[in-house]
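Coordinates in review
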Amino acid sequence: MLIGELARRSGVSARMLRHYEALGLVHPQGRTGSGYREYSADDVRRVFHIESLRSLGLSLREVGRALDDPDFAPARLVGELARRTRERIAAETELLTRLDRISAAGPAGWEDVLRSAALLRALGAWSADDRQRAALAAAEGGPVPAEALADAVLREPDPYVAGAMRWALARTDGNALGPLARGLGSPDAEVRERAARSLAALPADPGATALLRQALGHPDAEVRDHAALALGARGHTEAVPALVAMVVAGRHDVDAADALSLLARGVAGAGAAGGASAAGEPGAGSGAGWGSGAVSVGGEGAGAGAVGGGDAGVGAVGGTGEGDGAVGKRVVALLVEGLAPGSAGAAARRRIAQALAEIPGDAATRVLVGLTRDEDRGVAVTAAYGVGRRGE
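No experiment lies behind these values; they were computed from the predicted model shown.

Conventions we followed
Residues numbered from 1 in each chain as written. Predicted model: local features only at pLDDT ≥ 70, side-chain atom pairs only at ≥ 80, totals over all residues. Heavy atoms only, no water. Helix = DSSP H or I, 4+ residues; strand = E, 2+ residues; numbered from the N terminus. Buried < 20%, exposed > 50% of the residue type's maximum accessible area, 1.4 Å probe, protein only. Contact = heavy atoms within 4.5 Å. Areas by Shrake-Rupley, 256 points an atom, 1.4 Å probe, with all protein chains shown as cover. Axes fitted to C-alpha atoms, helices over the stretch in contact; angles between N-to-C directions. Left-handed = near helix turned anticlockwise from the far one by under 90°. Nonpolar A, V, L, I, M, F, W, Y, C, P; charged D, E, K, R; others polar. Arc of directions from axis to C-beta. Core = buried A, V, L, I, M, F, W, Y, C linked by side-chain atoms within 4.5 Å. pLDDT = per-residue confidence, 0-100. Salt bridge = Lys/Arg side-chain N within 4 Å of Asp/Glu carboxyl O. Parallel < 35°, antiparallel > 145°, perpendicular 65-115°, else oblique. Polar contact = N/O pair within 3.5 Å; in protein donor to acceptor, adjacent residues only side chain to side chain.

1. Focus: the overall build of the protein chain
Each helix and strand counted, the protein chain has 19 helices and four strands in total. Taken over 392 residues, the protein chain has a buried fraction of 44%. Pairs at least 24 residues apart make up 61% of the contacts formed inside the protein chain by residues separated by at least 6 positions. When the accessible surface of the protein chain is split by element, carbon and sulfur atoms take 54% of a total near 19,400 Å².

Okay, structure coming up:
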């Protein structure tokens with residue numbers, strides 16, 4: 001057949017067929033008496049093979065090797081093509097996300113588009129100073145959606161820049177809960193920790209509070225701890241079991257004890273959520289399944305058994321501040337469980353005594369008086385100090 005017929009059958013233009021011939025990909029079997037190229041059925045099949053390989057992303061050079069080199073191994077090339085495709089998809093997805101975020105900022109003109117693009121690019125800059133300046137610009141009303149800031153803080157390795165981004169995120173209009181919720185489920189522990197810190201720093205609203213409550217049952221202790229501290233600072237009593245577990249285990253125990261003291265006094269929303277988190281190491285306390293709402297009081301030694309966190313006491317703390325209300329008694333009861341023989345080691349018992357010293361009311365006082373005679377001198381001295389403070 002002539003080149004025109006081959007073009008019609010294959011869907012490849014005559015010009016491209018001549019290009020294939022020039023590259024040596026197609027070899028017409030001969031020519032007619034008039035000098036026209038003449039193609040055989042084998043040539044037709046080869047053209048279809050060329051087009052099939054090109055559709056997979058092979059270059060014409062790679063197509064020639066694949067068809068003519070008997071030692072050519074396709075598996076490695078196919079794997080390389082898959083890698084290239086994934087990289088291209090990732091780049092296109094990143095571009096689409098950036099365009100969506102610029103669009104969400106509602107640019108009024110090209111100046112707004114350029115400013116948004118510059119800030120988004122700066123959030124991913126190599127320089128930590130540039131990333132921090134971008135975060136501060138966003139906090140001052142820059143055209144950066146909350147979702148972009150949330151994604152940036154989740155990948156930010158510099159703790160100072162991450163702090164600036166969290167500060168900016170808390171002051172940015174928009175909903176960052178989607179990216180932060182995904183961050184809590186990340187397989188990377190550092191990303192989970194950044195998500196928990198960022199969530200704790202957000203202003204109190206029903207969506208953020210619901211996600212914090214869910215995080216109380218997260219399998220990652222750092223996530224549970226930041227959620228409990230934030231909820232405790234906002235006056236939500238379901239954080240009490242988790243806060244007690246933190247005291248027993250020695251994870252952010254000073255902040256946890258402060259939060260328990262505020263809850264026992266009936267002080268709602270005292271302090272900025274997440275602002276006082278100490279940099280502690282994960283301890284031995286254990287939580288229930290992610291999203292279950294139950295928290296176990298654990299720590300050094302055998303632990304003190306499961307204590308329902310769930311829906312009990314949901315809502316903000318009220319009360320008179322006298323410390324012997326239902327919440328204060330519950331705090332004291334859970335702390336006392338940690339003092340039971342075999343429940344905790346010496347260091348944990350001292351932390352519990354220190355926490356009890358900050359809890360007002362007769363119930364805590366009675367426990368402290370008993371602890372002044374404890375065999376552990378550290379516990380006895382801490383308890384005596386707590387009793388003495390009550391007489392001031």
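2. A word on the packing of helix α14 (residues 240-249) against helix α15 (residues 253-265)
It is at 8 Å that the axes of α14 and α15 come closest, and there the two elements cross at 140 degrees. The crossing of α14 and α15 is left-handed. On α15, the residues touching V240, L243, V244, M246 and V247 of α14 are D253, A256, A257, A259, L260 and L263. Looking at the contact of α14 with α15 residue by residue, the class counts come to 10 nonpolar, no polar and one charged.

3. Comments concerning the environment of P159
Tracing the backbone through its elements, the reader meets P159 in helix α9 (residues 159-169). Assessed through its relative accessible area of 56%, P159 is described here as exposed.

4. Quick word on helix α10 (residues 177-184)
Helical periodicity: at 3.6 residues per turn, an α-helix aligns residues three or four positions apart in one direction. Burial in α10 covers these residues: L177, P179, L180, G183 and L184. Looking straight down α10, one finds that the buried residues subtend no more than 165 degrees of arc, so they occupy a single side. Lining the buried residues of α10 we find α8 (146-154), α9, α11 (189-201), α12 (206-215) and α13 (221-233).

5. Looking at the nonpolar core
Core analysis: the biggest nonpolar cluster contains 73 residues, and L199, L243 and L335 have the highest contact counts within it. Top contributing element to this core by residue count: α14, with seven residues. With residues near it in sequence (within four places) discarded, L199 still touches L177, L180, L184, A208, L211, L212 and R234. If you look at the next biggest cluster of nonpolar residues, it comprises 18 residues, including I3, I50, L77 and L81.

6. Thoughts on the confidence of the model for the protein chain
On average, residues of the protein chain score 78 in pLDDT, and 78% of them reach the 70 mark or higher. Per-residue pLDDT, averaged within each element of the protein chain, yields its smallest value for strand β4 (residues 306-307) (31) and its largest for α13 (95). Note on residues 269-322: pLDDT under 50 across the span, and 132 contacts to partners over four residues away in sequence or across chains.

7. Here's the deal with the side chain of E156
Position of E156 among the secondary structure elements: in the loop between α8 and α9. Setting aside residues no more than four positions away along its own chain, E156 makes contact with R131, V161, A162, M165 and R194.

8. Section: unusual backbone geometry
Look at H252: it is not a glycine, yet its phi comes out positive at around 50 degrees. Looking at where H252 falls in the secondary structure, it is placed in the loop between α14 and α15.

9. Regarding the pattern of salt bridges
Applying the stated rule across the entire model yields 19 salt bridges. A salt bridge links R9 to E5; its shortest N-O distance comes to 3.1 Å. Here the residue R9 and the residue E5 both occupy positions in helix α1 (residues 3-10), the gap between them amounting to four residues, near one helical turn. Judged by relative accessible area, which is 51%, R9 ranks as exposed. Assessed through its relative accessible area of 27%, E5 is described here as partly exposed. Between E190 and R194 there is a salt bridge whose closest N-O contact spans 3.2 Å. Of this pair, E190 and R194 both sit in helix α11, four residues apart, which is roughly one turn of that helix. Using a relative accessible area of 12% as the deciding quantity, one classes R194 as buried.

10. Comments concerning the packing of helix α18 (residues 362-371) against helix α19 (residues 377-390)
Between α18 and α19, the least distance of the axes is 8 Å, while the angle of their chain directions is 140 degrees. Taken together, the axis directions place α18 and α19 in an arrangement best described as oblique. The interaxial crossing formed by α18 with α19 has left-handed handedness. Contacts from A364, T365, L368, V369 and L371 of α18 reach α19 at V379, A380, A383, G386, V387 and R390. When its residues are assigned to classes, the contact of α18 with α19 shows eight nonpolar, two polar and one charged.

11. So, α9
Among the residues of α9, those classed as buried are V161, A162, A164, M165, R166, A168 and L169. Regarding α9, its N-cap is D158, as a side-chain oxygen of that residue lies 2.8 Å from the backbone nitrogen of Y160 further along.

12. Observations concerning the environment of R133
Tracing the sequence through the fold places R133 in helix α7 (residues 128-139). By relative accessible area, which is 51% here, R133 ends up exposed. In the structure, R133 is positioned 31 residues away from A164 in sequence and 8.8 Å away in space, judged by C-alpha atoms.

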